[in-house]
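In case you want the letters, here they are:
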Number of protein chains: 2
Amino acid sequence: MKIELENVKPQEIEKKSFEIITQELGDTPLIPGTEMIVKRCIHTSADFDYAENLCFSEGAVEKAREAIRNGVSIVTDTQMAKAGINKKTLAKYGGQVYCFMSDEDVAQTAKANGTTRATACIDKAAAMGENFIFAIGNAPTALVRLYELIQEGKIHPALIIGVPVGFVNVVQSKELIMKTDVPYIVAKGRKGGSNIAACICNALMYLDGRE
Amino acid sequence: MKIELENVKPQEIEKKSFEIITQELGDTPLIPGTEMIVKRCIHTSADFDYAENLCFSEGAVEKAREAIRNGVSIVTDTQMAKAGINKKTLAKYGGQVYCFMSDEDVAQTAKANGTTRATACIDKAAAMGENFIFAIGNAPTALVRLYELIQEGKIHPALIIGVPVGFVNVVQSKELIMKTDVPYIVAKGRKGGSNIAACICNALMYLDGRE
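Residues numbered from 1 in each chain as written. Chains lettered and ligands numbered in written order. Predicted model: local features only at pLDDT ≥ 70, side-chain atom pairs only at ≥ 80, totals over all residues. Heavy atoms only, no water.

Draft legend 1. A look at the relation of the copies chain B and chain A. Of the two same-sequence chains, chain B is brought onto chain A (RMSD 0.0 Å, axial shift 0.0 Å) by a rotation of 180°. Taken together, these values place the two copies in the relation of a two-fold axis. Scanning chain B for the C-alpha nearest the rotation axis identifies B:Met80, at a separation of 2.4 Å. Here 100% of the interface residues in chain B have copies in chain A that are interface residues too; the copies meet face to matching face. (Least-squares fit on C-alpha atoms with pLDDT ≥ 70 in both. Contact = heavy atoms within 4.5 Å.)

Draft legend 2. Region of interest: the packing of aromatic side chains. Following the criterion strictly, the structure yields eight aromatic pairs over all chains and no others. Plain terms: the ring middles of B:Tyr98 and B:Phe132 are 5.8 Å apart, the flat faces sit at 75° to each other, and that makes the pair edge-to-face. On the criterion of sequence distance, the pair formed by B:Tyr98 in strand S3 (residues 97–98) and B:Phe132 in the loop between helix H8 (117–126) and strand S4 (133–136) is long-range, its members being 34 residues apart. Residue B:Tyr98 is classed as buried on the basis of its relative accessible area of 18%. Taken together through their ring pairs, the aromatic side chains of A:Tyr98, A:Phe100, A:Phe132 and A:Phe134 make up a single cluster. (Phe/Tyr/Trp six-rings, centres within 6.5 Å; stacked < 30°, edge-to-face > 60°. Helix = DSSP H or I, 4+ residues; strand = E, 2+ residues; numbered from the N terminus. Buried < 20%, exposed > 50% of the residue type's maximum accessible area, 1.4 Å probe, protein only.)

Draft legend 3. Fine view of helix H11 (residues 194–206) of chain B. Look at H11(B): 18 Å from first C-alpha to last across 13 residues, which is about the 18 Å you get at 1.5 Å a residue. Of all 13 residues that make up H11(B), 13 are buried, and the element is covered over most of its length. (Expected span 1.5 Å × (residues − 1).)

Draft legend 4. Expanded view of the nonpolar core. Counting 90 residues, the largest nonpolar core has A:Ile200, A:Leu204, B:Ile200 and B:Leu204 as the members making the most contacts within it. Non-local contacts of A:Leu204, meaning those with residues more than four positions away in its chain, are made with A:Ile37, A:Val61, A:Ala64, A:Arg65, A:Ile68, A:Leu159, A:Ile161 and A:Ile185. Of all hydrophobic cores here, the second largest spans 33 residues; its members include B:Tyr98, B:Ala125, B:Phe132 and B:Leu143. (Core = buried A, V, L, I, M, F, W, Y, C linked by side-chain atoms within 4.5 Å.)

Draft legend 5. Seen up close, the interface of chain B and chain A. Taken residue by residue, the interface counts 44 residues in chain B and 44 residues in chain A. Here chain B and chain A share an interface that buries about 3,500 Å² over both sides, 70% of which is from carbon and sulfur atoms. Linking chain B with chain A are four salt bridges. For B:Asp47, the salt bridge goes to A:Lys191, with nearest N and O atoms at 4.0 Å. Run the count over chain B and chain A and you get seven residue pairs in polar contact (both at pLDDT 80 or more). Among the elements of the structure, helix H1 (13–25), helix H2 (35–45), helix H5 (79–84), helix H10 (170–178) and H11 of chain B are those that each provide at least two residues to the side of chain B that touches chain A. At six residues, H1(B) tops the list of elements feeding residues into the side of chain B that touches chain A. (Buried area = accessible area lost by both parts, 1.4 Å probe. Salt bridge = Lys/Arg side-chain N within 4 Å of Asp/Glu carboxyl O. Polar contact = N/O pair within 3.5 Å; in protein donor to acceptor, adjacent residues only side chain to side chain.)

Listed below in structure tokens is the structure:
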């Protein structure tokens, strides 16, 4: 059988991909204003489950965009997500991306407290006193710690992107975030990942036009 | 409704996750010797489709492991995959990870030739004359260029991890790789990603025991 490649120019590949996604979504109901975020997650994963599992708190997208325009920085729980976030575009708005997972002090704190490194990362971020966007693609323990600090009134994140992936406490940690009054974008259920976390950050930045 | 977190120690989370995956896979047939690679892809994505879509050329896993033990280096098509590959463990065997996507000369070559940067990256890697493992999680054009160079007898990769994700030429590019006589691990269909590419690299390294 002959394999036929479609003749699509490099700069047209993304556009064509989004056309296919839009077509295949058909009448699937999406929350107005969230469409491009959902579609970019599908673009990143080829998984149409994201049309069903992405949950947005009221006005989350607008609040996040305003925070980005005001120079908010992003804290993430994996080097992969940090690598995937468009740092050049974020820097234009005045923000930067932090990942503390490989920091020596984080490893030491986690060991001393018997927690995951992700928990220690959240404490390190909280101590900085900024209202970050948290983009969590891996560690449910990061979401649990965020929930605790929010309950204690110690942090007020601009947005929580709650998309850890996995099998242990992942579902529950997302449900906890959805109980807070903090703006959130959460992938309900087990799915998510560093790629999805980065993709949502980029989708929010690209809403004013791809750069 | 009260949300109950499972009490699992940090160092036990991965073990418990793999137990759940094994249990849910049940009698799903997996090719002997590939089980841990399939399970790690499911662990990374929470997507059991990988039990169905991962295709392995005959002896691919053993050949790849031997290449790793002999110090093979890995070329990947995204900074995200590079960030996700365990570079410390690979370095113990003598290998390193390359990603040329942000290189200035690659951008210039791509522009001059009207190709994607991924295509130019493969040419840059081929010019180095080493038998790399190629871990392709994003660009089908990278797989197409690998196919062409293999057909011309110009490269002999130790392994191709063919897991680009998406909607334009992704399915076809994977089919092309499966027509070669080069060792491959391919996620048939649209799914894959940088996370899956990195995860397969790590799974191959961890087969002798997690470090």
